[in-house]
Amino acid sequence: MTDSKYFTTTKKGEIFELKAELNSDKKEKKKEAVKKVIASMTVGKDVSALFPDVVNCMQTDNLELKKLVYLYLMNYAKSQPDMAIMAVNTFVKDCEDPNPLIRALAVRTMGCIRVDKITEYLCEPLRKCLKDEDPYVRKTAAVCVAKLHDINAQLVEDQGFLDTLKDLISDSNPMVVANAVAALSEIAESHPSSNLLDLNPQSINKLLTALNECTEWGQIFILDCLADYAPKDDREAQSICERVTPRLSHANSAVVLSAVKVLMKFMEMLSKDLDYYSTLLKKLAPPLVTLLSAEPELQYVALRNINLIVQKRPEILKHEMKVFFVKYNDPIYVKLEKLDIMIRLASQANIAQVLAELKEYATEVDVDFVRKAVRAIGRCAIKVEQSAERCVSTLLDLIQTKVSYVVQEAVVVIKDIFRKYPNKYESVIATLCENLDSLDEPEARAAMTWIVGEYAERIDNADELLEGFLEGFHDESTQVQLQLLTAIVKLFLKKPTETQGLVQQVLSLATQDSDNPDLRDRGYIYWRLLSTDPVAAKEVVLAEKPLISEETDLIEPTLLDELICYIGTLASVYHKPPSAFVEGGRGVVLKSLPPRTASSESTESPETTPAGVPTGEQPDAIPAQGDLLGDLLNLDLGPPASGPPLPASSVQMAAVDLLGGGLDSLIGGPNFAAPPAAAAPANVGAAMGSGLSDLFDLTSGVGTLSGSYVAPKAVWLPAMKAKGLEISGTFTRQVGSISMDLQLTNKALQVMTDFAIQFNRNSFGLAPAAPLQIHAPLSPNQTVEISLPLSTVGSVMKMEPLNNLQVAVKNNIDVFYFSTLYPLHILFVEDGKMDRQMFLATWKDIPSENEAQFQIRDCPLSADAASGRLQSSNIFTVARRNVEGQDMLYQSLKLTNGIWVLAELRVQPGNPSFTLSLKCRAPEVSRHVYQAYETILKN
Amino acid sequence: MIHSLFLINCSGDIFLEKHWKSVVSQSVCDYFFEAQEKAADVENVPPVISTPHHYLISIYRDKLFFVSVIQTEVPPLFVIEFLHRVADTFQDYFGECSEAAIKDNVVIVYELLEEMLDNGFPLATESNILKELIKPPTILRSVVNSITGSSNVGDTLPTGQLSNIPWRRAGVKYTNNEAYFDVVEEIDAIIDKSGSTVFAEIQGVIDACIKLSGMPDLSLSFMNPRLLDDVSFHPCVRFKRWESERVLSFIPPDGNFRLISYRVSSQNLVAIPVYVKHSISFKENSSCGRFDITIGPKQNMGKTVEGITVTVHMPKVVLNMNLTPTQGSYTFDPVTKVMTWDVGKITPQKLPSLKGLVNLQSGAPRPEENPSLNIQFKIQQLAISGLKVNRLDMYGEKYKPFKGVKYITKAGKFQVRT
C-alpha cells in the first residue's frame, strides 16, 4: 500500500468526492482524504476549494492529521485569508499545549501563514514562545521572528521582538543561539544600515562557545556572522582564528568554506612574521583540497572560491597543482574551473607538468574545453617566461593537427605571445600563414590580420594575404574590419610603394560603404593622418605598443579584497560584488578586509582620524553627476588654462578635447579583444616617479615649517569609486602661494597616463595655476606625490558650503569627480595686517548683526603662543589689551578676494576655552574663519 | 534562505514542489530547462543559475534534479549540502531515491521536507531525529497502521534534538550489542600513455554501523595514525582528543553513519594495484582500427584484484566493435559509444585481454582523440594506504559489544589515458 494511489484520482468530481470524505465521521477516512488533498497539492493542483473542510479537521488529537492540516494551511491561507482566521483559535490554543512539540509546531505554522490579519494574533503567542522554558520552542520561535519580519517588519519592531531576539544570542542553548543569529542575519540583510548584530568581544565569545556545540547548519550561520566582526587587534583576531580552525575538519563542506572565509579575513590582520601565520597557511590547504573530492556541484562552488583564494594567497595551494588535473568524466563546468586554477598556479617549478597536461586536454572531445586548454597554453607562455619557447612549440604541434577550432584558438593565443615577447618567435609566422584558409571565426581572423599587419615587412606576400581578406570585407565582422583597416594602413606605411591601391581601397570601403561609425571614424582619421602628415601617421600607427602581462586576467585587487569577504556566497561564485547583482531595494553593506593593526599601536594612538579635517567634512565623491554636467562642460579637461576665467568659446574646445582622449586610444593601438596592456614602461616610470615625489616631499616639508598650518593628507577619491585611482591630498600655503598637495595611487591593474585636473567654479576662484604634471605613466601599485600650484583668479560661483571645491580628474581610463573642502586659512594673505586706527574704524563701521561669536574649547595655549601660531597662518594681531585678567587679542586677516575679517580673541589664563568674536562685511565666511582658527590653534 | 524545492525527472517533468516561504511559480524552472538544453548532457548542467529574480541551485542525483530556488545571498554550498542531505534522507527512508519511491511516499516526503527546513532554515537533518519524528515506511507498519489507525508520525518530542549530542537519541536498546567499522579506500588516479602515474590519491572513509544500547562512549585507535593528516569528522568526534592523542573519541549516533573521511595524497604512499597494456589505433583512410588491451596485477599486496570492469567511451565515428575477450564478456552500445568489459578476477597465470577490430564510419576523418579507459576494481581485506585499526574501547556502559573491522579497496576515478 503506497501513496502513489493518491496521484491516480484524476476523474471528474474529484473535489466533490474529497469534500464528502473530509466530512466523514470516520477518523481514518478523514485522514486518507487529507492525504489525498496534500498529494494533489504537491503536484500543483488547485485544491483551495476544500479550505473550510480541511480546516475543520484541524482540531484533532492525532498528531499526523494535525501536521497534514498545517501543511495545507500554509499553502492556501494566502488565497483564503478570511477562512484562515477560523484557524487562529486553534493555533493560539496549541501554543499553550503541554507538549513542547505541539507548541513549537503551532508557532512555526502560524509564522508561515502570510496573512496580515493572522499575524496580529501571532504576536502574543510568539512573545510567550520566545521565553518558553523549552529550548526547542525558543529556537523555533526565533526563526518565527524572521518570518514575521518578512511579512510585516514594522510590527516586529513595534513589538520589540528584535530586542528579545538579541537577548537570545546569550541563551544557554547553542541551537537557540544559532537560530537567533540566523534570524538576525536574515533580518539585517533587509536593513543594511541597522546595526542588529552588534558584536562585541563578549558576544563573540558566546558565539564561539555555541559554535562548538550547535548543529552543522548553525555553525554556518555563526561563522558567517563572525566573518563580519572586526576584531580590535591582531591578538583578538588570532584567538578567534584558533577557535575557528577545528571547523576545517568538519564533514559539511559549507561549514569548512565558511571557516575558510573567517580565517582568510582575519589572517589579513596577522603579521606575516608570526609562527601562527604560517601554521594557519599550512592548515588551510588540506580542507580546500578535500572539497574537491566531493560531489561535482560542491566541487564547482569550491573551485570558484579556490580561484579567489589562489589569487589572494597563492602560497596556500602552490604545492597542490595535481589535484586540479582534469579527469575526462568531470562535468564541463568543473573542468573549466580546474583549468583556470591550474594556470594561476603555474610557475617555473611545475610548468613542465602543466604543459604536458594541457597538451593532453587539447586532444579531448569537448570543444569548449579544448579551446580553453589551447588558450591556457598561451597564458602559460605569457605567465612563465622560461616556458614560452616550449609553449610555442606545443602550439605549433597543435596547429599541425589541422583541427579547425584548435588552429583558430592557437592563432589567437600566438598573437598574444607576440605582444608579450616581440621579435622572438616570428619564425612561426610562416606556419600560421599556411593555415590562413582554415580560419573562419572572427577572433582568429582578426588575430591573423593583426599579425600580418604588424609583421608586414617580414611577410613577402603580406599584400596578397590582406587583399584576400579584403575581398569579402563587407561580410566580415566589425572586429575583423577594424583590424583589416589598421593592418593595411600599417602595411602601407611599411611598404608605401606597392600598396597604395590597397590602402585607398580599404579607406574608401571603410568610410564610404560602411554603416559602422567606429569603422568610419577610424577610416577618416587614418585618411587625414596619411594625407596631412605621413611622418606623424607613422609615429601614431606604428608606435611601440605596451606589452601585455599575465596580470590582465587577474581580478582587480580592490575587488578581490572585497570578494574575499564574500567567500562561500553567491558573490564568490559569480566573482562579482553583491552590489552588482543583488536586486535593488535591498541595500548591500560594503565589506572590506580589516587593516593590519598591531595591538600595541592601537592602544597608544586611539585617535587616528585626520585632525585637520573635522568629521562631517569628510570629502565624498560627488554623487549626482547630472547636475554638475553643465558646469563641468565648461571645464577644459585638457591642460588646464592658467590665468583669467575661460572665454565662452572654450565650451567648444572642451568638447573637442574630450573626444581627443577617446581618439588617442583609438589610434594608439589596435582595438584588440586582448585586454588592455600594462607594465612595459612601468620600471622606468616607477624610478622617475619616485624621484619626483622625493622632490615634492622636500618642498612640502619646507612648507610645513615656514608656511601656514598644513592638514595631513586625507583620502579624497577612494579607489573603489575611480576604477582604481586613489587620490588623497591636502592644501598648503607658503610664501604667498597656495598649492594642492596630491598623492595619486594606482590601485588598478593597468598603467594610468594622461592625467589632467580641473576645478569647477568655486567661491574664491581657485584654479590650477599649472597643468597637472605627471611625466611618467603611473604603473599599478605605484604612488606619485605632486604639488599643484593654485591661483585664485578662476571664475567665481558661490558654493554650498562656502569652501567646497569640486574637482574633475581625467586619466586614460575615465574622468572622475570628487569634491573636497579646503581650509579657509590657505586664503589668508600675507598683507592682512590692518592699521590700528583703521581697525577701530572698521570694527565700528560693520553693523553688529554681522558679528558672530564662537567658542574654541580645549585649547591650552597662552595668549602669546596663540598669537604666534596664528601669525604664521597670516592672522595678525593688531592690538592687545588686558581686561580684568583676560587677554583680549584684536586681529585682522584678509582673504585673497579682498574681504577683511576682524577678530577679537578673548583668552583667560587657566581656562582652555577661548572666545572668538568675528566681524566681517560678508558674514557667511565667519563660520569658516572660525573653523580655520580652531584648526590652527589645535594643531 | 531556501525558498522552494522542485524535483524534476530526466524527461523534464516537475513531479514535486515544496515551498517554505511564499509560493514561487513553476515557470521559474524554465530557466533551468534552458540551461539543461544548452548543456546537452545532464551531468553538465551548471549547479548555480541566475534568473532575473531568483537563483536556482541544483544537484543531479540518481537521475533526478533537485532544484532549489533562493532569493537572497545564501552560501551556495549550504544549499547544495542540504539538497544532498535531502536525497540521502530519501535514500535512507525508501531504500532508493527515485521518482517512483518519492511518489509512492509523497506524504512522508512532504512531512520530511517540512521537518528538515523551517522558513528556509534547516531544522532537523539528522537521520536519527527524523526517524523519531517520522517513522520510515515498512510493510509491517503500513499494515498495522491501516488496521489500528495509528500513524507514522511520532508524537513525542525527539529527545536528541535538544541534548548536547543531538545526533543520538536516548533510550536505545539492543539485545545484541554490535559495533562494526568498514574502512573503504578509493584510489583516484590518472595514468598516462606510458603507464606512469600522473596523479594518484586515496580517498578513504570509515563507515560505522553501531548498534549499542545506552550512551556508549567509544574510542578508536589506529596502528599508524600518522597517515591521516587530512581528515573530516562526523560532528560526534572530539576534535581536541584527536589533535592531542590521534585517537577517535566519540559518542556514536545510532545506526549507520560516516565516522571520518580522509585523504592520503603523498604519491609514494599510493600503490597502483593494476596495470593496463593498451594499443588502440585507427588507420588513416580506412574504416577500421585495432583495439587491444591487457590487464595485469601490479602492487596488490598479495591480494586478489576482483570485480574488474573496463569502460571506454569510444569516439563518435566508431560504428561497431568486434572483439574477443580471453575472460569475461564485453558489450558495446552503438548509441552512447560506450564499451564495457566485465573482466572479473585477475589470475596472474593468464592475464585477461580483449582484442579485435573497430569499425568506423566510412569516409569520416580519423578520430583525433584516443579514448581514456575507466577502470573499476575491488580488493577485499586490504586498505591500500596501509591504515590499520588498532583497538576499540568502550566506556560508559557495562556490556561487552561485538566488534569488527572490514577493509576494502576500490578504484575511484581511475583513468588510463591512451
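Counting restarts for each chain, with residues numbered from 1 along the sequence as it is written. As a convention, the first chain written is A and the first ligand written is 1, with the rest following in written order. The predicted origin of the model limits local features to residues at a pLDDT of at least 70 and limits the giving and counting of side-chain atom pairs to 80 or more, whereas totals for whole chains, interfaces and linings rest on all residues. Side-chain measures were taken over the full set of non-hydrogen atoms in the model, leaving aside hydrogen atoms and water.

Digging into the overall build of chain A
This is how it is decided: Counting from the N terminus, the helices are the DSSP runs of H or I reaching at least four residues and the strands are the DSSP runs of E reaching at least two. For each residue, the accessible area found with a 1.4 Å probe, counting protein chains only, is set against the maximum for its type, and the residue is called buried under 20%, exposed over 50%, and partly exposed in between. Contacts: residue pairs with any heavy atoms within 4.5 Å of one another. Per-residue accessibility takes into account occlusion by the displayed protein chains alone, with areas from the Shrake-Rupley method and a 1.4 Å probe.
Scanning chain A from terminus to terminus reveals 39 helices and 13 strands. The proportion of buried residues among the 939 residues of chain A is 56%. When contacts within chain A are restricted to residue pairs at least 6 apart in sequence, those whose partners lie at least 24 apart make up 68%. Taken as a whole, chain A presents about 38700 Å² of accessible surface, with 51% of it coming from carbon and sulfur.

Observations regarding the confidence of the model for chain A
Our working definition: A score between 0 and 100, pLDDT records how confident the predictor is in each residue.
When pLDDT is averaged along chain A, the result is 78; 84% of the residues meet or exceed 70. Contacts for the low-pLDDT stretch residues 599-706 of chain A, under 50 throughout, to residues beyond four places or in other chains number 145 contacts.

Observations regarding the pairing of strand 23 (residues 402-416) of chain B
We apply this condition: Between any two strands, pairing holds if DSSP finds at least two bridges.
In the sheet, strand 8 (residues 178-191) of chain B pairs with strand 23 of chain B via 13 bridges, with the strands oriented parallel. Each residue of the ladder has a partner; that of A189 of chain B, found in strand 23 of chain B, is F414 of chain B.

Description of the packing of helix 22 (residues 388-400) of chain A against helix 23 (residues 404-420) of chain A
Residue and element names in this part refer to chain A. Here is the rule we go by: With axes taken as lines fitted to C-alpha atoms, and helix axes fitted only over the stretch in contact, angles between N-to-C directions fall between 0 and 180 degrees. Note on terminology: angles under 35 degrees are roughly parallel, angles over 145 are roughly antiparallel, angles of 65 to 115 are roughly perpendicular, and the others are oblique. For any pair of crossing helices, the crossing counts as left-handed if the nearer helix is rotated counterclockwise from the farther one by less than a right angle, and right-handed if it is rotated clockwise. For this classification, the nonpolar set comprises Ala, Val, Leu, Ile, Met, Phe, Trp, Tyr, Cys and Pro, the charged set comprises Asp, Glu, Lys and Arg, and every other residue, Gly included, is treated as polar.
Their axes nearest at 9 Å, the elements helix 22 and helix 23 cross at an angle of 155°. In this view, helix 22 runs roughly antiparallel relative to helix 23, as classed from their interaxial angle. Considering only the axes of helix 22 and helix 23, their crossing is left-handed. Of the residues in helix 23, those in contact with V392, L395, L398 and I399 of helix 22 are V406, V407, A410, V413, I414 and I417. Of the residues contributing to the contact of helix 22 with helix 23, the split by class is 10 nonpolar, no polar and no charged.

Regarding the interface of chain B and chain A
We apply this condition: What counts as buried area is the accessible surface, traced by a 1.4 Å probe, that two parts surrender upon association, with contributions from both included. One speaks of a salt bridge when a side-chain nitrogen belonging to Lys or Arg is within 4 Å of a carboxyl oxygen belonging to Asp or Glu. We call two N or O atoms a polar contact when they sit within 3.5 Å, provided that within protein one can donate a hydrogen and the other can accept it, with sequence-adjacent residues counted only if both atoms are side-chain atoms.
At the interface, 96 residues of chain B touch 99 residues of chain A. In this assembly, chain B packs against chain A so that about 8300 Å² is buried in total across both faces, 58% of it on carbon and sulfur atoms. On the chain B side of the interface with chain A, the three residues burying the most area are E73, L77 and F121 of chain B, jointly 9% of the side's total. Taken together, the connections running from chain B to chain A amount to 7 salt bridges. When the shortest N-O distance is used, the salt bridge between R108 of chain A and E115 of chain B registers 3.6 Å. Put simply, chain B and chain A have 18 residue pairs in polar contact (both at pLDDT 80 or more) between them. Here the side of chain B that touches chain A takes 8 residues from helix 2 (residues 76-94) of chain B, the largest share from any one element. Looking at side-chain class alone, the side of chain B that touches chain A contains 41 nonpolar, 29 polar and 26 charged residues.

Observations regarding unusual backbone geometry
Glycine aside, a negative phi is what most residues show, and trans is what most peptide bonds show. With an omega dihedral of -5°, the bond running from E800 of chain A to P801 of chain A counts as a cis peptide bond. Structurally, P801 of chain A is set in the loop between strand 6 (783-791) and strand 7 (804-810). Notably, K723 of chain A is not glycine yet its phi reads approximately 50°, a positive angle. Counting through the fold element by element, K723 of chain A comes out in the loop between strand 1 (714-717) and strand 2 (725-734). Located in the positive-phi region is K63 of chain B, a residue other than glycine, with phi close to 65°. Note on placement: K63 of chain B falls in the loop between strand 4 (55-61) and strand 5 (64-70).

Examining the environment of G363 of chain B
All names here are of chain B. Locating G363 in the fold gives a position in the loop between strand 20 (353-360) and strand 21 (373-380). G363 sits in the exposed class, given a relative accessible area of 82%. Each C-alpha atom of the pair G363 and N285 lies 7.5 Å from the other, and the pair is 78 residues apart in sequence.

Some words on the side chain of S572 of chain A
Residue and element names in this part refer to chain A. For S572, the location among the structural elements is in helix 32 (residues 570-574). A polar side-chain atom of S572 sits 2.8 Å from a polar atom in the side chain of N305. Excluding residues within four positions of it along the chain, S572 makes contact with R304, N305, L308, Y566 and I567.

Digging into the side chain of N9 of chain B
Along the chain, the position of N9 of chain B falls in strand 1 (residues 2-9). When neighbours within four sequence positions are excluded, N9 of chain B is seen to be in contact with F15, K63, L64 and E99 of chain B.

A closer look at the packing of helix 27 (residues 478-494) of chain A against helix 28 (residues 500-512) of chain A
Residue and element names in this part refer to chain A. Remark: helix 27 packs on helix 28, axes separated minimally by 9 Å, with the N-to-C direction vectors making an angle of 150°. By the angle between their axes, helix 27 is roughly antiparallel relative to helix 28. Note on packing geometry: the crossing formed by helix 27 with helix 28 is left-handed. For the pair helix 27 and helix 28, contact is made by L485, I488, V489, L491 and F492 and by Q500, L502, V503, V506, L507 and A510, respectively. A per-class count over the contact of helix 27 with helix 28 returns 10 nonpolar, 1 polar and no charged.

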